[in-house]
Amino acid sequence: MLRRIRDWLDDRTGFLTTLAPLASHLAPDGSRWWYVFGSATLFAFLVQVVTGIALATVYVPSAGEAYASLQFISTAAPFGRLLRGMHYFGASAMVLFIGIHLVRVFLMGSYKYPRELNWLTGVALLGLTLAMGFTGQLLRWDQNAVWSTVVGAAQGARSPVIGQWVVSFILAGGTVGSATLSHFFALHVFVVPLLLAATIGLHLYLVLRHGISEPPVAGRPVDPRTYRAEYEALLERSGRPFWPDAAWRDAVFGAGAIVAIVALAAIFGAPKLGLPPDPSIVQAQPRPDWYLLWYFAVLALLPHGIEDLVILGAPLVAALVLLAVPFVSNRGERSWRRRPWAPAIVLVAATMIGVLWHAGVQARWTPDFGASPLPAQVAGVASGPALDGVAVFNARGCLFCHRIAGHGGTRGPDLTLVGDRLTRTQLTVRVLNGGYNMPAYANNISPSELDDLVAFLESRTSR
Ligand code: HEC
């Protein structure tokens, strides 16, 4: 009976006759565990599709209700917490796997002839994945999400000529509001996923067309004139059917990844929502999710003068470099042992991202709103203006950004010995006028408070 249904279906559609050879096509032997990260990315993407659809059935993409609907999902909706958690960890897994896959393909020279377009579509998939991350973050619609988008828009605004257009495109108007949310929702749920799915289709088609790359062997370079014949001969000699000989690893690893995503989601849940968005509160610490945190560190640590150049230039250069890879070298040795530049580049890039990431986690450039107040002994006197100045320093929030005798934030310079550097007048002017990344206090501080504060700072000398 089942067989008759199968035969009927196959006769009318031809699916089985078309697909069966795909599953059993020969793949090079020895393509072991390093080859599972591409398919693992696909598994993570499927998790995102399923959990994303489930979340979209409850989420309300309107500025007034988004936050409340997410709270409902996180606390009350059946499986809501788990689904949000899976969507978050699924996104993390997707970025992680796509990164490892990229490094693997680069190190093994798998992008060389005839697989240049596999690489280019892969770079497009990386860009689209990051676009999913950026647009998805705003849908959280809490204080940090909104401010991260404002930061993104502020970067876009610096583009020459098209700056204004970029901002209106990102924000769908002059400020972050209801239109922005609808805009991001449409991008995150329809536009980018469709592009992703189509590009994945193309990428997989190319993988089938050119076959899985054989593990590189030092001393056996790629020559476009002979490569295909050699590849065919290799398959004849030692090829294995893709299913199950090669694909069982993909299945095992993919299943393991999904189990890990579910487990992490069940244990940790989704990231906690911040405060509801309020554009009048600037005390937010816009912080992207971990996979963009390192880039955030780049933006925060840049010297003032070259910000524009780097903010616009760096992503552009990164994209161009990635796109140029198969054009720079699409032949020759594939083994990394004969391409010392390849591991060197990966090592440098990984170290750079690691260091920046560490800086991003510490975020020394954001005010430390949890800093413990300066104790009165710091004044060094039992009474008088300098002692009152300590209280002003704490009360006016100087503490959040400045460190004195080991207390306070690190956003601004350490003021432990500021009396050595600055005169009374300079200190007064600085507090009244503020500075780069320091607010002006002229309208926020009474003359007597100012006197006390300056007296205290003046007393901070090494003498
Ligand atoms: C939001 C963070 C922030 C707050 C709050 C803040 N500052 Fe600053 N402050 C900075 C930064 C950043 C600089 C460096 C500015 C520059 O280089 O233009 C700075 C510079 C200074 C300097 C000059 C230091 C030097 O060595 O040149 C003084 C003095 C100073 N701040 C005092 C204060 C006092 C007093 C308060 C509280 C009334 C205060 N700051 C509040 C961030 C802050």
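Reading the values: rules and limits
- Residues numbered from 1 in each chain as written.
- Predicted model: local features only at pLDDT ≥ 70, side-chain atom pairs only at ≥ 80, totals over all residues.
- Heavy atoms only, no water.
- Helix = DSSP H or I, 4+ residues; strand = E, 2+ residues; numbered from the N terminus.
- Contact = heavy atoms within 4.5 Å.
- Lys, Arg positive; Asp, Glu negative; His and termini not counted.
- Charge placed at Lys NZ, Arg CZ, Asp CG, Glu CD.
- Donors = N, O, S within 2.8 Å, 3.2 Å for Na, K, Ca; no water.
- Tetrahedral: all angles 85-135°; square planar, octahedral: opposite > 155°, others 65-115°.
- Buried < 20%, exposed > 50% of the residue type's maximum accessible area, 1.4 Å probe, protein only.
- Axes fitted to C-alpha atoms, helices over the stretch in contact; angles between N-to-C directions.
- Parallel < 35°, antiparallel > 145°, perpendicular 65-115°, else oblique.
- Left-handed = near helix turned anticlockwise from the far one by under 90°.
- Expected span 1.5 Å × (residues − 1).
- Arc of directions from axis to C-beta.
- Near = heavy atom within 4 Å.
- Polar contact = N/O pair within 3.5 Å; in protein donor to acceptor, adjacent residues only side chain to side chain.
- Nonpolar A, V, L, I, M, F, W, Y, C, P; charged D, E, K, R; others polar.
- Patch = residues over 30% accessible without salt bridge, like charges linked within 9 Å, V, L, I, M, F, W, Y side chains within 5 Å.
- Areas by Shrake-Rupley, 256 points an atom, 1.4 Å probe, with all protein chains shown as cover.
- Salt bridge = Lys/Arg side-chain N within 4 Å of Asp/Glu carboxyl O.
- Core = buried A, V, L, I, M, F, W, Y, C linked by side-chain atoms within 4.5 Å.

With that settled, consider the overall build of the chain. In terms of regular secondary structure, the chain is built from 19 helices and two strands. Summarising its shape, the C-alpha atoms of the chain cover approximately 95 × 55 × 45 Å along the three principal directions. Of the contacts formed within the chain by residues at least 6 apart in sequence, a portion of 77% connects residues at least 24 apart. Computed over 35 positive and 27 negative side-chain charges, the separation of the two mean positions in the chain equals 7 Å.

Moving on, we come to the coordination of the iron atom of the ligand. Coordination sphere of the iron atom of the ligand, protein contribution only: His 402 (NE2) and Met 438 (SD), at 2.0 to 2.1 Å. Coordination at the iron atom of the ligand is octahedral, judged from the six donor atoms that bind it and the angles of 87 to 177° they form at the metal. Taken together, the residues His 402 in the loop between helix 16 (398–401) and helix 17 (418–421) and Met 438 in the loop between helix 18 (424–433) and helix 19 (447–458) connect sequence positions 36 residues apart. Accessibility expressed as a relative area gives 10% for His 402, which makes it buried.

This paragraph deals with the packing of helix 6 (residues 116–139) against helix 7 (residues 143–156). Contact geometry for helix 6 and helix 7: axes closest at 7 Å, N-to-C directions at 135°. Between helix 6 and helix 7, the interaxial angle falls into the category oblique. Relative to helix 7, helix 6 is oriented so that their crossing is left-handed. Each of Phe 134, Gln 137 and Leu 138 in helix 6 lies in contact with helix 7, whose residues at this interface are Ala 145, Val 146, Ser 148, Thr 149 and Gly 152.

Take helix 10 (residues 227–238) next. Given a rise of 1.5 Å per residue, 12 residues ought to cover 16 Å, and the 16 Å separating the end C-alpha atoms of helix 10 matches this to within 8%. Those residues of helix 10 that sit buried are Tyr 227, Tyr 231, Leu 234 and Leu 235. End-on, the buried residues of helix 10 take up no more than an arc of 100°, which puts them together on one face. Those residues of helix 10 that are exposed and angled more than 90 degrees off the buried face are Ala 229, Glu 236 and Arg 237. For helix 10, the elements touching its buried residues are strand 1 (26–27) and helix 9 (178–210).

With that out of the way, let us pick up the site of the ligand. Neighbouring the ligand are 20 residues, the closest being Cys 398, Cys 401, His 402, Arg 421 and Met 438. Between the ligand and the protein, one listed contact pairs a nitrogen atom with a side-chain N or O atom of His 402 at 2.8 Å. At 3.4 Å from an oxygen atom of the ligand is found a side-chain nitrogen or oxygen belonging to Arg 430. Counting only elements with at least two residues in the shell around the ligand, the list comes to helix 16, helix 18 and helix 19. Tallying contributions element by element places helix 18 first for the shell around the ligand, with three residues. By residue class, the composition of the shell around the ligand is 13 nonpolar, four polar and three charged.

The subject of this paragraph is a nonpolar patch on the surface. On the surface, a cluster of nonpolar side chains totalling about 610 Å² of accessible area is made up of Met 1, Leu 2, Ile 5, Trp 8 and Leu 9. Here Met 1 is to be found in the segment before helix 1 (2–13). The class for Met 1 is exposed, based on a relative accessible area of 73%.

Let us look at the side chain of Arg 339. Within the secondary structure, Arg 339 sits in the loop between helix 13 (307–328) and helix 14 (341–362). An unpaired buried charge is present at Arg 339: no salt bridge exists, and Glu 333, the closest side chain of opposite charge, is 7.9 Å distant. The residues touching Arg 339, leaving out its near neighbours within four places in the chain, are Phe 106, Leu 107, Met 108, Gly 109, Tyr 111, Lys 112, Glu 333 and Arg 334.

Moving on to unusual backbone geometry. Here the residue pair Tyr 113 and Pro 114 is connected by a cis peptide bond, since its omega of 0° sits within 30 degrees of zero. Residue placement: Pro 114 occurs in the loop between helix 5 (80–107) and helix 6. Across the junction of Trp 243 and Pro 244, the peptide omega takes the value 5°, indicating a cis bond. By the secondary structure assignment, Pro 244 is in helix 11 (residues 242–268). Look at Phe 79: it is not a glycine, yet its phi comes out positive at around 60°. By the secondary structure assignment, Phe 79 is in the loop between helix 4 (66–75) and helix 5.

Moving on, we come to the nonpolar core. One broad trend across soluble globular proteins is that nonpolar side chains are buried collectively. Phe 97, Leu 196 and Ile 261 are the most contacted members of the largest nonpolar core, which totals 23 residues. Among the secondary structure elements, those contributing two or more residues to this core are helix 3 (37–56), helix 5, helix 6, helix 9 and helix 11. With seven residues, the single largest contributor to this core is helix 5. Setting aside chain neighbours within four positions, we find Phe 97 in contact with Phe 37, Ala 40, Thr 41, Ala 44, Phe 253 and Ala 257. With 22 residues, the next largest nonpolar core counts Val 392, Phe 393, Ile 404 and Leu 427 among its residues.

Turning our attention to the pattern of salt bridges. Across all of its chains, the model carries nine salt bridges by this definition. Measuring nitrogen to oxygen at the nearest pair gives 3.3 Å for the salt bridge that ties Arg 338 to Glu 333. On the basis of relative accessibility, which here comes to 48%, the residue Arg 338 falls in the partly exposed class. One salt bridge in this structure joins Arg 424 and Glu 458, with 2.8 Å as the shortest N-O distance. On the criterion of sequence distance, the pair formed by Arg 424 in helix 18 and Glu 458 in helix 19 is long-range, its members being 34 residues apart. Take Glu 458: its relative accessible area is 32%, and that puts it in the partly exposed class.

What follows deals with the environment of Ala 63. Tracing the sequence through the fold places Ala 63 in the loop between helix 3 and helix 4. Judged by relative accessible area, which is 26%, Ala 63 ranks as partly exposed. As for Ala 63 and Ser 178, which are separated by 115 residues in sequence, their C-alpha atoms are 4.7 Å apart. Other than its neighbours up to four places away in sequence, Ala 63 contacts Trp 141, Gly 177, Ser 178 and Leu 181.

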